[in-house]
Amino acid sequence: MSYAAYKMMHPPTGIENCASGFITQCSADFVPQIPTIQPDELESDWPSTRSIGPVPNLVVSAANVLEVYVVRVQDDGSRDSKASTEIKRGGLMAGVSGASLELVCDYRLHGNVETMAILSIGGGDGGRRRDSIILTFEDAKIAALEFDDSIHGLRTSSMHCFEGPEWFHLKRGRESFARGPLVKVDPQGRCGGVLVYGLQMIILKAAQAGAGLVGDDEAFGSEGAISARIESSYIINLRDLDMKHVKDFIFLHGYIEPVMVILQEREITWAGRVSWKHHTCRLSALSISTSLKQHPLIWSAVNLPHDAYKLLAVPSPIGGVLVICANTIHYHSQSASCILALNNYAVPVDSSQEMPRASFNVELDAANATWLSSDVAMLSTKTGELLLLMLVYDGRLKLALSSSYAPVLGVVKRLDLSKSKASVLTSGITTVGNSFFFLGSFLGDSLLVQFTYGMGSSMLSSGLKEEVGDIEGDAPTAKRLRRSPSDVFQDLVNGEELSLYGSTPSNAESSQKTFSFAVRDSLINIGPLKDFSYGLRINADPNAVGIAKQSNYELVCCSGHGKNGALCVLQQSIRPETITEVELPGCKGMWTVYHKSTRSHNPDSSKIASEDDEYHAYLIISLEARTMVLETADLLGEVTESVDYYVQGSTIAAGNLFGRRRVVQVYGRGARILDGAFMTQDLSFGASNSDSTTGSDSSTVASVSIADPYVLLRMTDGSIQLLVGDTSTCTVSVSIPPVFDSSKKPVSACTLYHDKGPEPWLRKASTDAWLSTGIGEAIDGSDNSPHDQGDIYCVVCYESGDLEIFDVPNFSSVFSVEKMSGKNNLIDTIMRKDSAEEGRKVNTQNMNVVELAMQRWSGQHSRPFLFAILSDGTILCYHAYLFEGQETASRIDSSGQNSVNLSSISASRLRNLRFVRVSLDTYAREENSTGNYYNKRITIFKNVGGHQGLFLSGSRPTWFMVFRERLRVHPQLCDGSIVAFTVLHNVNCNHGLIYVTSQGLLKICQLPSATSYDNYWPVQKIPLKGTPHQVTYFAEKNLYPLIVSVPVLKPLSHVLSSLVDQEAGHQIEHDNVSSDDTYTVDEFEVRILEPEKSGAPWQTRATIPMQNLENALTVRVVTLFNTTTKENETLLAIGTAYLQGEDVAGRGRVLLFSVGRNTDNNPQNLISEVYSKELKGAISALASLQGHLLIASGPKIILHKWNGTELNGVAFFDVPPLYVVSLNTVKNFILLGDIHKSIYFLSWKEQGAQLNLLAKDFGALDCLATEFLIDGSTLSLMVSDEQKNIQVFYYAPKMSESWKGQKLLSRAEFHVGSRVSKFLRLQMLPTTDTLGSDKTNRFALLFGTLDGSMGCIAPLDELTFRRLQSLQKKLVDAVSHVAGLNPRSFRQFRANGKAHKPGPDSIVDCELLCHYEMLALEEQLEIAHQIGTTRQQILSNLNDLSLGTSFL
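Residue numbers restart at each chain and count upward from 1, following the sequence in its written direction. In keeping with the predicted nature of the model, local features appear solely for residues at pLDDT of at least 70, side-chain atom pairs appear and are counted solely at 80 or more, and the whole-chain, interface and lining totals rest on all residues. Computation of side-chain values: all heavy atoms of the structure, hydrogens and water removed.

Caption draft 1: Looking closely at the confidence of the model for the protein chain. Overall, the prediction assigns the protein chain a mean pLDDT of 83, with 81% of residues at 70 or greater. Counting contacts from residues 456–468, a segment whose pLDDT is below 50, to residues more than four positions away or on other chains yields 36 contacts. Note: pLDDT gives the predictor's confidence per residue, expressed from 0 to 100. Here, two residues are considered to be in contact whenever any of their heavy atoms come within 4.5 Å of each other. Note on residues 888–905: pLDDT is under 50 here. Beyond four places in sequence and across chains, it has 16 contacts.

Shown next, in the form of structure tokens:
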């Protein structure tokens, strides 16, 4: 492998930062929700019904992924009949039946987000201003982003960089820092602070209202929202203020000038010195004057514990700051302070002082916190428990008396801590509005939770007790608690009613606060991926060949931690479960249609509600020369002879009209309308204009689009015909729209779009939106058609590349775009300034749009998607959005000589409609065959297994599913090419599907129900209630042995006595250990899991427990050569280590198990121990090498041979100086990685029975994973390290710089941005250009990382590499990168201050190359021309890379 490509296949999912703010809309945009209280409600004695209020956006980041969500709240469904039928997740609470997260925009940045803050606008301008996102990146980069309505995305408003030669003095000679930049923002939005390089504080001064960038305010106009912006920045050197070790800082509430409180440690202490030096931290409050650049100290507090690590600013009206320590919580303000001890380890400053104690013991190191109300903070501990901290303060009377003066800060008298629910282990919490909070998690699924609190005892009177339940995201639906507002909030431990007393004791009864929670939504996380193995799926097909064979496999991953530990079963491609299959050669298309003879003319609401559950009546199959009709009752029976369908030739399309009362069938020269099996009308096309018979005879129907009651036909000569249905008589008539009759512009693709729903979405896009909705309702009322008929539009693409949208049936143009192909934003031509776009005419005539589809799926706030397939197989996807620009009216009037006709047609134009391009970089496009017959490939489905989206047939069949207004792209490889697809819902196939493969197999299937598709790859999570560490695959029995550790509480005295070295006989003095102290110990076991048939939970077939204080470190399936029987045996090998503290010499065991024939289902007989031996040192890695067992035991590796009863050492090598983290073998070569000393390359010689060191890397490197990379006949060594890099080494003893072969030479290096924990070597699949070449023995490395991302490193040949590398250099400048980040600097090797000689740059970055397809077509051709190649060649190379690495 001389050259390679890095490809991210599954972006990271472990959320590291979360924040909330009004990014996409201002707080004033919300309509206040008035809670509707019926008089007969049970909760009428509830004192305070809080309205939900404005809900801000949620912004989350996972490694280099940034996502902005909007929270959609469904209120109690009294008005919306459809919503009330299903109770949403979490039940009904505070008038809200459900809430969900909907994606606004997401970006993959060229840099990992370190910390994030929201710069909000304080002040009383009525909430007309928006907030901005401030991101910080490694070393000292800061970017401010704001939401731009005109492009429906984020744009960078300012960038601040404090790196490079002119800022070297900030580092003060240090090279490595414990953490990246930390950003915090003043709550009133006056300034922000970023702590970089340990002791440099950068102050970001916010721009005053209305002082934005020059020339920018005009674009927004007077009513447009202006986002918060940063005006300037300057640096405060905290070393000059005599600060040494800053731990945290925060801005306080309620001061006239911004006040920053800094938590710092004067002299550092450590665990061994705590008994002498324990209160080493202090607080300093600085008043920041951004105009004078001064920062006087206004108050300080000393003698805080050494383990203080976090500050929390208390909101107004109380003010002040909370200091969170591991064993205590402190409150400090200018005038008062108080303390709360959390456990027995809390030490007072002097022994005489008595500290108030919490009612239970808890440790608060590594906690996260947020404010639920102004005096209640919620803390999330390291075990996932939620605690509520109440500030009891005495300030209400003073506040009332001193209203004329400045408000007196409330004096906090004491802190109350109480237990709440258990939940996910969090990496961050943020409150979203006044009724939601979001638990962001790196170790489990992140949750959106609604909370409500009531005051007083009347809540308890209704007597509704809530079941004790955790806030867990992955609970099955049956177990989710239906919570109601008056539920009593229960303590998990002893079931007592939980109340937080928040006032003076005299009226304690009336102002008790009781909280209730309801989980509303969750975001899937598959990280941290500690290990994975590659095994066969349950429904694998043994006869599959080629690329279809890959979907036989799945990845079983160890992910999560503690109680969030789970096995994630990942599959890159969907494999439907087959119900039945039959041979059906020569199929061209399939359709299922509904029919009910007794359908009423005007369906009432109950019918509409059950429309989704109606069974299909007929299945129409179009063959090459005939059409088959099947009845879809209990059995599929052919009724072709007994129905009036056109069966003498192939069908072009079929569907329902007139509210499913009729079926329309369109064939090449005509159409039929049928009522069930009987024809009611027959039409024929083409013969109408008989004067030009020669031309018309050859013109047949090419494509059809049906939108009740219209049918749009495109003929083979490019003309358009429309069938218009009459709902009263259920007949249709042919009309040729005049706009197409006269224009004679050939149409390359067209489709009808039905804008359904009670409030059609596109009506909001025209300027007279308020007018049209009123008229529309009036018309609907007088006509007896159903009320939610909606509007119908016709979307047309011409062969010139222009796109136009007409309304039906008038066919007046409402939207048009010139040359749509590949633009990132589609804007109505009237709205565009006449820019010099006609500058260069590029030859793009062969890029036609061959198929169009536009669809808006169900959902209250959903927006339409527009799909276009180009003739070269590229798929363009656009998402509609609204933008009301200020310049609308003036633009139309000032358009010069043709202003008259423009203004007359402009009234109904969708001038606020715009489309933003959606990236589909996971989709590998197919090369289209150059045939004139184009098969329709897009099939839209509303409900397949409860999901909605579209299916794309063809040689690369793909599912596009819509979740949270985002497209999830999942390929389906298992059957190769698919020629026809349709949905089927009947008795035996509930919301299933039918498809026909190109081999002529018809399959009736359902989607696997246990799999979750709202992820980058389909995933099934199997909860383990423990931490999984390592997994391996036992192929013969299809079993997965897995190391799991479960935390167990043990008495401290018991733990201490077992740590004693038994031989020496020491005794530990037990005088300071009380009897009830407990300590958490991890208990390890190896579980043998067997996958069940799809959907069922996996069964634990057997468990191998470890001994007391013994940790299982590695489990591997090894093949050993039995020297007695002269046969190979496949055994399960386990390596362990005893953890007995630093006074006892380390030792471990190696265990060998045989997996027997499990016939009688007795788990005891499944596995039997065949060998066990204790060795010196921890057994951290095992591998089989040519029938021998290689064991890494402490500081040496030993090779053993197996004689059936015991292992005998045959060779050893004292190679790893410290500890082996990974061990790989190929033939007789060994690669091992050491935890600090990089990699070693050894060989085993059978004849001399010796292990030889061939070469090693002399640098210091903290390895995480290693693997061999094979490309043809070259062998390379891959290693990943703690600094998120990967390096490729090679062994070249003939090169002079390798010091006669002692030193491994660097072949490539690359910064991944995530810690790679495991490599897996997989053979690359053959693609078009590799079939004839010698590169069949070519392997790629699939890897998993600790933040939940997966990717691969794939070898490239030199020609492809040079082409892609020159393209990459062009794209660095050609693409505008979000937050202004430079992709080249992101991919530089990070040495973190260690000496490192830069290696060659021979890995291309597909994360940057995937931007090429998102460029406009002209730019793509231009860049390809500049680097001396063609667009087709580049896309073909990228496509081959995708195909060659579709492993799952």
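The rest of the description comes next.
Caption draft 2: Up close: helix H16 (residues 1417–1426). Relative accessibility decides the category of a residue: with a 1.4 Å probe and only protein chains considered, values under 20% of the type maximum give buried, values over 50% give exposed, and everything between is partly exposed. In DSSP terms, a helix is any run of H or I states spanning at least four residues, a strand is any run of E spanning at least two, and both are numbered starting from the N terminus. Buried within H16 we find Leu1417, Gln1420, Ile1423 and Ala1424. Viewed along the axis of H16, the buried residues span an arc of 130°, placing them on a single side of the element. Contacts made by the buried residues of H16 are with helix H13 (1358–1374) and helix H17 (1431–1444). Where H16 terminates, the next one or two residues include Gly1428, which has phi positive at roughly 75°. Picture the helix axis, draw a direction to every C-beta atom, and the arc is the one those directions span.

Caption draft 3: Quick peek at the pairing of strand E46 (residues 731–735). Paired strands are those between which DSSP finds at least two bridges. Sheet topology places strand E45 (residues 720–726) next to E46; five bridges connect them, and they run antiparallel. Bridge pairing links Gly725 to Val732 in E46. Linkage of E45 to E46, two consecutive antiparallel strands, is achieved through a turn of four residues, within which Cys730 is found at a positive phi near 55°.

Caption draft 4: Main features of the environment of Tyr1079. Residue position: Tyr1079 is located in strand E66 (residues 1078–1090). Separated by 25 residues in sequence, Tyr1079 and His1054 place their C-alpha atoms 9.3 Å apart. Ignoring anything within four residues of it in the chain, the contact list for Tyr1079 reads Val1048, Leu1049, Lys1050, Leu1052 and Val1055.

Caption draft 5: Structural context of the side chain of His616. Residue placement: His616 occurs in the loop between helix H5 (605–609) and strand E36 (618–623). Whenever a nitrogen or oxygen atom comes within 3.5 Å of another N or O atom, the pair is scored as a polar contact, on the condition that within protein one atom can donate a hydrogen and the other can accept it, and that pairs from neighbouring residues in sequence are kept only if both atoms are in side chains. Here Thr592 takes part through its side chain, which lies 3.5 Å from a polar atom of the side chain of His616. A distance of 3.4 Å separates polar atoms of two side chains, one belonging to His616 and the other to Tyr594. Non-local contacts of His616, meaning those with residues more than four positions away in its chain, are made with Thr592, Val593, Tyr594, Thr632, Val983, Leu984 and His985.

Caption draft 6: Local environment of the packing of aromatic side chains. Ring pairs shown here join Phe, Tyr and Trp side chains whose ring centres sit within 6.5 Å, with only the six-membered ring taken for Trp; geometry is labelled stacked below 30 degrees between planes, edge-to-face above 60, and tilted in between. Scanning all chains against the criterion turns up 32 aromatic pairs. One cation-aromatic arrangement involves Lys184 over Phe249; the distance from NZ or CZ to the ring centre is 5.6 Å. Any Lys NZ or Arg CZ that is within 6 Å of a ring centre and within 35 degrees of that ring's normal is treated as a charge sitting over the ring. Over the ring of Tyr798 we find Lys745, and its NZ or CZ is 4.2 Å from the ring centre.

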